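# Report on the structure
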Amino acid sequence: MSVKIRLTRIGRHKDPFFRIVAIDSRTARDGKPVEQIGYLDPAKGIENAVINEELALKWLNLGAVPSDTVKAVFSKKGLMTKYAESKKPAAKKTTAKTKKAE
């Protein structure tokens, strides 16, 4: 199952409101999500989006691919930098073999 993090549209006619969800890539735009991560009100702007950072990082670490819009929202909130830092390998530990080589 290929999971994507994307927007699901809710709200009234000409007054959109979006949920940020983890959803199977083959599911329709407004289909049943695997998990809701947050929401976005475009009238208030990207800065006021509400995102559960733990869930977002969990799905990113599991391999979910964010859509371009969601990636922009995550970048604005600083989640993409947190995700990139979590992907960096820890400082390499010196082993006995490398100490003998020195």
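The following refers to the structure shown. (Residues numbered from 1 in each chain as written. Predicted model: local features only at pLDDT ≥ 70, side-chain atom pairs only at ≥ 80, totals over all residues. Heavy atoms only, no water.)

## Observations concerning the overall build of the chain
- Scanning the chain from N- to C-terminus turns up four helices and five strands.
- Sequence separation of at least 24 residues holds for 35% of the intrachain contacts in the chain that already meet a minimum separation of 6.
- Surface summary for the chain: the accessible area is close to 7300 Å², and the carbon and sulfur share equals 53%. (Helix = DSSP H or I, 4+ residues; strand = E, 2+ residues; numbered from the N terminus. Contact = heavy atoms within 4.5 Å. Areas by Shrake-Rupley, 256 points an atom, 1.4 Å probe, with all protein chains shown as cover.)

## Quick word on the packing of helix 1 (residues 53–61) against helix 3 (residues 79–87)
- Interaxial distance between helix 1 and helix 3 falls to 10 Å at its minimum, and their mutual angle equals 50°. Taken together, the axis directions place helix 1 and helix 3 in an arrangement best described as oblique. Crossing of helix 1 against helix 3: the hand is right-handed. Between helix 1 and helix 3, the contacting residues are Glu 53, Ala 56, Leu 57, Leu 60 and Asn 61 on the first element and Leu 79, Met 80, Lys 82, Tyr 83, Ser 86 and Lys 87 on the second.
- For the contact of helix 1 with helix 3, a count of residues per class yields six nonpolar, two polar and three charged. (Axes fitted to C-alpha atoms, helices over the stretch in contact; angles between N-to-C directions. Parallel < 35°, antiparallel > 145°, perpendicular 65-115°, else oblique. Left-handed = near helix turned anticlockwise from the far one by under 90°. Nonpolar A, V, L, I, M, F, W, Y, C, P; charged D, E, K, R; others polar.)

## Digging into helix 1
- For helix 1, the complete set of buried residues consists of Leu 55, Ala 56, Trp 59 and Leu 60. The arc that holds every buried residue of helix 1, seen down its axis, measures 130°, which confines them to one face.
- Phi for Gly 63, located one or two positions after helix 1, is positive at around 105°. (Buried < 20%, exposed > 50% of the residue type's maximum accessible area, 1.4 Å probe, protein only. Arc of directions from axis to C-beta.)

Just distances and angles here, no functional claims.
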